[in-house]
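# Structural overview for review
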Amino acid sequence: MKRRPVFGKSEAEANEKLIAMQARSHQGIPAEATVWTVERFLDYWIENIVKPSRKPRTAQAYEVVVRVHLVPALGKKRLNRLTAVDVRTFIKRLENACLCCQHKTDARRAADQRRCCAVGQCCKSVPSRRLVQQVHSVLRNALQAAVREELLQRNVAKLVRVTSPTYEVNRGLTVDQARLLLKAAHDDRLSALYVLALYLGLRRGELLGLRWEDINFEVEALTISRTLQRIGGELQAGSPKSRASSRTVPLIGLCVATLKAHQERQRAEANAAGEKWQDTGHVFTTAVGTPVEPGNLRRSWYPLRVAIGAEATRFHDLRHSCVTLLLDLGVPPHIVRDIVGHSDIGVTMKIYAHASLDEKRAALRKLDERLS
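Quick caveat: nothing in here was measured; it's all calculated off a predicted structure.

We now examine empty space enclosed by the protein. Counted according to the given criterion, the structure contains one cavity of 30 Å³ or more. Considered as a void within the structure, the largest cavity measures approximately 30 Å³ in volume. For the largest cavity, the full set of lining residues is Ala 197, Leu 202, Arg 203, Arg 204, Phe 315, His 316, Leu 318 and Arg 319. Of the residues in the lining of the largest cavity, the class split is four nonpolar, one polar and three charged.

Below, the structure written as structure tokens:
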């Protein structure tokens, strides 16, 4: 065991420092870390607190915020000397900084493709309110962990307020567009994927993580038990987003028929691939049996959304479409919540909260009929 000297202007001060060092040692904090910088603590927080307790995708997102935004701006500051003024100044600077200039985005483009910052024309690519809120949230969570570790007396990030982002939820496809999608996707090799997304509101990761063992054709039910995501440069299977996301939902006739047809198509692809086929057990695979890259799903989805006249609709909006269409049919919100796996019924109703002009007109006509 290495001896570590403790110095103080008086015996009482030296004893106080010794007690503090011993307390940090009992907490598993390195004894040599008598001085914590913001960067040092953020590294400790990510490795020892975030990664063991959060989902890999969340930990990765936190790491990016720490590496790209927090460490360059606040990393060298002493943790115990960080003030609310420091945090407020950092947030204000972040809100007004051009991210393209800061990260030299334009400079990394080919010489003949540079169009703004690298040629002296700042594009004013300031961060969105959502990004600013995320950066502040990560810093606030980290400093709160420092309070729990007894390295700080208070969380100065809590004293700084940021403007909450305002954005509308896309309610997804109309009934006519949904019908067109089913027709347009009929001959697509991933036709069953679009049927399940539209009828059951499954998330992209839930669909791509689905295995044949999760489907029970006898009782006509499907169980969501894992997701597939790209994390840290590789595809990883993980648990669903929340406890409510782990669910079993019934399969109606069209879903069953489409899945059985998809299973036959997959067997034909396996025979055609021969020795190249990799039996991963996934329902939705590439032509050689490997899992589908989440990002590569765009190659199938983008032509379909153009075909149905919904160019601005994201794949995730098919999930919103399921919620909207079910609620339009008068299905109780708690049933819809359980089908799509929302953790809170408030999330279910938020998607439906944005009424269309036709719906408002119909509601006012009902009022007019009652009062006339």
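Right, let's get into the side chain of Ser 300. Tracing the sequence through the fold places Ser 300 in helix H11 (residues 298-307). With a relative accessible area of 13%, Ser 300 lands in the buried category. Those residues within four positions of Ser 300 in sequence are excluded, and the remaining contacts are Asp 188, Leu 190 and Tyr 194.

So, on to the packing of aromatic side chains. Scanning the model with the defined rule gives seven aromatic pairs in all. Judged by centre distance (6.0 Å) and plane angle (70 degrees), the rings of Trp 36 and Phe 41 are edge-to-face. The burial state of Trp 36 is the same as that of Phe 41; both residues are buried. A centroid spacing of 6.0 Å and a plane angle of 70 degrees characterise the contact between Tyr 194 and Phe 315, whose relative ring orientation is edge-to-face.

Taken together, the buried positions of H11 are Ser 300, Trp 301, Leu 304 and Arg 305. Angularly, the buried residues of H11 cover 115 degrees about the axis, an arc narrow enough to put them on a single face. Across from the buried face of H11, at angles greater than 90 degrees, the exposed residues are Arg 299 and Ala 307. Phi turns positive one or two residues past the end of H11, at Gly 309, with a value near 75 degrees.

Reading guide: rules and limits
Residues numbered from 1 in each chain as written. Predicted model: local features only at pLDDT ≥ 70, side-chain atom pairs only at ≥ 80, totals over all residues. Heavy atoms only, no water. 1 Å grid on protein atoms, 1.4 Å probe; cavity = no way out; pocket = protein on both sides within 12 Å on 5 of 7 lines; lining within 4 Å. Points joined across faces, edges and corners; volume = space filled by probe spheres on them. Nonpolar A, V, L, I, M, F, W, Y, C, P; charged D, E, K, R; others polar. Helix = DSSP H or I, 4+ residues; strand = E, 2+ residues; numbered from the N terminus. Buried < 20%, exposed > 50% of the residue type's maximum accessible area, 1.4 Å probe, protein only. Contact = heavy atoms within 4.5 Å. Phe/Tyr/Trp six-rings, centres within 6.5 Å; stacked < 30°, edge-to-face > 60°. Arc of directions from axis to C-beta.

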